[in-house]
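Each chain, written out:
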Amino acid sequence: MSVANSLAHGVEAAVPGTLHARTITGGIKVRPRPGRQVRFGRAKRPAVDLSVGTDDQSVSRLHAEVTYQDSYWWLRNMGRQLMRLPHGQMMHQSSDPIPLTAGYTPLFIRGSGYRQHLVELYVTGRYGDTQTDRHEAETIPPKIWEINAAERLLLVVLGERYLLYEEAPRPLTYKQAAARLAYLRPDDDWRANIIEDRIEAVRYRLHAGGFPYPLRHDKAEGRPYDNNLLHNLLRGLVESTTLVPPDLDLLESGLAHPGTATQPER
């Protein structure tokens, strides 16, 4: 799934109530019609409308469906694995269907090992997500902070729980991140002290650029817990959509190394 095409950045104008759905295999757009269903899972068309986790047998062939009824799209888990919604909400096969609110909803299906499979859902709002009923004022986009490919990988590993939209997330420790990277990138040498140095450089750079949350120690106020500064960094990057759920694809073992940064700088 391309980060640039993530539904987290919004969708084109459409009929209110239109459902947009996207996985790593592609995307669909469906107008609201009573009884209309959109199904997704490991199977391929026509068994499902959108495939997800096609190489992961922990994902059910038909894992979930969304049905339009009573002016809402209702989500139901039909698979064996749990599905996670924002704020840590979990759905089991026995859970009642829930209505999707207007706007963006990332849905995560638990796979094998560390894998989490993302299904992005977006329901067009009352005004069709256009500006015509809002005095034609230009929307102010969030500030996207500049980070390179190697920094993105480190930040995604440290901040997986933020990108899963868990309730009250906290970052991994640098030691935990190093162990995770040893599994994901066994040919690299991401040790805890190297990761810490690289993240500290990111903090200092973004702090100088006007980052909205504190990223450096204020000696006048005492030395805060380092983990809180990392929390501030990850929180701000996710809120600004600098980091978005499709970035979690970097946690798939065996993927090519991001960009040209195949070895950490020392």
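Heads up: the structure comes first, above all this text.
Residues numbered from 1 in each chain as written. Predicted model: local features only at pLDDT ≥ 70, side-chain atom pairs only at ≥ 80, totals over all residues. Heavy atoms only, no water.

**Observations concerning the pairing of strand β10 (residues 103–110)**
What counts is decided by this rule: Think of it in three bands: residues with accessible area under 20% of the maximum for their type are buried, residues over 50% are exposed, and the middle band is partly exposed, with areas taken using a 1.4 Å probe on protein chains only. Elements are defined by DSSP. Helices are runs of H or I of four residues or more, strands are runs of E of two residues or more, and each kind is numbered from the N terminus. Following DSSP output, two strands are said to pair if at least two bridges run between them.
For β10, a buried count of 6 out of 8 residues is recorded, marking the element as mostly surrounded by other parts of the structure. Here 2 bridges tie strand β7 (residues 83–84) to β10, and the two strands are oriented antiparallel to one another. Counterpart to Met83 in the pairing with β10 is Ile109. Alignment of β10 against strand β11 (residues 116–123), held across 8 bridges, turns out to be antiparallel. Residue pairing across strands places Leu107 opposite Val119, the latter belonging to β11. Hairpin connection from β10 to β11: 5 residues lie between these consecutive antiparallel strands, with Gly113 at a positive phi of about 60 degrees.

**Focus: the pattern of salt bridges**
As a reminder, the rule being used: Think of a salt bridge as a Lys or Arg side-chain nitrogen and an Asp or Glu carboxyl oxygen that are within 4 Å of each other.
Inspection of every chain in the model, using the stated rule, returns 11 salt bridges. Across the pair Arg115 and Glu252 runs a salt bridge whose closest N-O atoms are separated by 2.8 Å. Of the two residues, Arg115 sits in the loop between β10 and β11 while Glu252 sits in the segment after α5 (226–239), which places them 137 residues apart along the sequence. Given the relative accessible area of 17%, Glu252 is considered buried. Across the salt bridge formed by Asp189 and Arg191, the nearest N and O atoms sit 3.3 Å from each other.

**Comments concerning the sheet that holds strand β9 (residues 98–99)**
Taken together, 5 strands build an open sheet; the order of strands is β4-β3-β5-β6-β9 and the sheet is mixed. Edge positions in the sheet fall to β4 (50–51) and β9, since each of these pairs with one other strand and no more. Strand direction decides the pairing type here: strand β3 (residues 37–41) and β4, joined by 2 bridges, are parallel. The residue bridging Gly41 from the neighbouring strand is Ser51, located in β4.

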